[in-house]
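In case you want the letters, here they are:
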Amino acid sequence: MRCFALLVSAALVATASGFVSRFVVQPRSRASRHSAVRMAYNKVFVAGGSKGVGKETVVLLRKAGKEVVALVRSDEAKADLEGLGAVCIKGDAFVYKDVEGAMDGCDAAITTLGGVTGDKRVDYDGNKNVVEAAGILGVTRWVQGSHSSHTRS
């Protein structure tokens, strides 16, 4: 399981930050010199970073020198991720303002939220809040890690 989490995390990190060298746009004409775009994703918001694929994603982002802002629900998760060098904001992905407040100032967002809490599905409602906040805040790159669990009878 750890190998799978590491593999998926590497793919998420590559998607969020590995495009830097590919997407350096050099101006071709005098008119476009002022509109050169450099997509360097240096401050990355992570939702679902307290365990599994999300935690491995935080580890890889920090190793790549990226600033990581993680939305966490518990003090234990906060302490754990802060030990890895992440900035942690306590909040709940079900609360839009918590997500928006934590994501503000980030230029990329990764979510690995999944599962059910009570009768609410964080993989739907929580991720909906991440997508909405990213759009409103002008986040330039958004990545969602997803998986499906199937049980056989």
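Whatever comes next refers back to the structure up there.
Please read these numbers as outputs of a predicted model, since none were measured by experiment. (Residues numbered from 1 in each chain as written. Predicted model: local features only at pLDDT ≥ 70, side-chain atom pairs only at ≥ 80, totals over all residues. Heavy atoms only, no water.)

Turning our eyes to something else, we now look at the overall build of the protein. Scanning the protein for helices and strands turns up five helices and seven strands. Order of helices (α) and strands (β) in the protein, N terminus to C terminus: α-β-α-β-α-β-α-β-β-β-α-β. Across the protein, every contact between residues at least 6 apart in sequence was considered, and the portion connecting residues at least 24 apart equals 62%. Working note: accessible area of the protein is about 9,100 Å², and carbon and sulfur atoms make up 52% of it. (Helix = DSSP H or I, 4+ residues; strand = E, 2+ residues; numbered from the N terminus. Contact = heavy atoms within 4.5 Å. Areas by Shrake-Rupley, 256 points an atom, 1.4 Å probe, with all protein chains shown as cover.)

Let us look at the packing of aromatic side chains. This model, assessed by the stated rule, comprises zero aromatic pairs. Positioned above the aromatic ring of Phe94, the side-chain terminus of Lys120 is 4.5 Å from the ring centre. (Phe/Tyr/Trp six-rings, centres within 6.5 Å; stacked < 30°, edge-to-face > 60°. Lys NZ or Arg CZ within 6 Å of the ring centre and 35° of its normal.)

Taken in spatial order, the five strands of this open sheet run E3-E2-E1-E4-E7, and their pairing is parallel. In this open sheet, the two edge strands, each paired with only one partner strand, are strand E3 (87-90) and strand E7 (141-144). Between one strand and the next, the sheet's axes are offset by a mean angle of 20°, whatever the strand orientation. Where helix H4 (residues 96-103) meets the sheet, it contacts strand E1 (43-47), strand E2 (67-72), E3 and strand E4 (108-111), and its direction lies at approximately 165° from that of E2. On top of the sheet, helix H5 (residues 122-137) reaches E1, E4 and E7; it is set at about 170° to E7, its chief contact. (Pairing = 2+ DSSP bridges. Axes fitted to C-alpha atoms, helices over the stretch in contact; angles between N-to-C directions.)

The next point concerns the pattern of salt bridges. In this structure the tally under the stated criterion is five salt bridges. For Asp123, the salt bridge goes to Arg121, with nearest N and O atoms at 2.5 Å. Relative accessible area serves as the criterion here: at 26%, Asp123 is assigned to the partly exposed category. The class of Arg121 is partly exposed, set by a relative accessible area of 45%. (Salt bridge = Lys/Arg side-chain N within 4 Å of Asp/Glu carboxyl O. Buried < 20%, exposed > 50% of the residue type's maximum accessible area, 1.4 Å probe, protein only.)

The α-helix winds at 3.6 residues per turn, so residues separated by three or four positions along the chain end up facing the same way. Among the residues making up H4, those that are buried are Tyr96, Val99, Glu100, Ala102 and Met103. Angularly, the buried residues of H4 cover 165° about the axis, an arc narrow enough to put them on a single face. Among the exposed residues of H4, those oriented more than 90 degrees off its buried face are Lys97 and Gly101. Buried residues along H4 sit in contact with E1, E2, E3, E4 and H5. (Arc of directions from axis to C-beta.)

Attention now moves to the environment of Phe94. For Phe94, the position within the fold is in the loop between E3 and H4. Look at Phe94 and you get buried, because its relative accessible area is 17%.

Any functional reading would require information beyond the geometric quantities listed.
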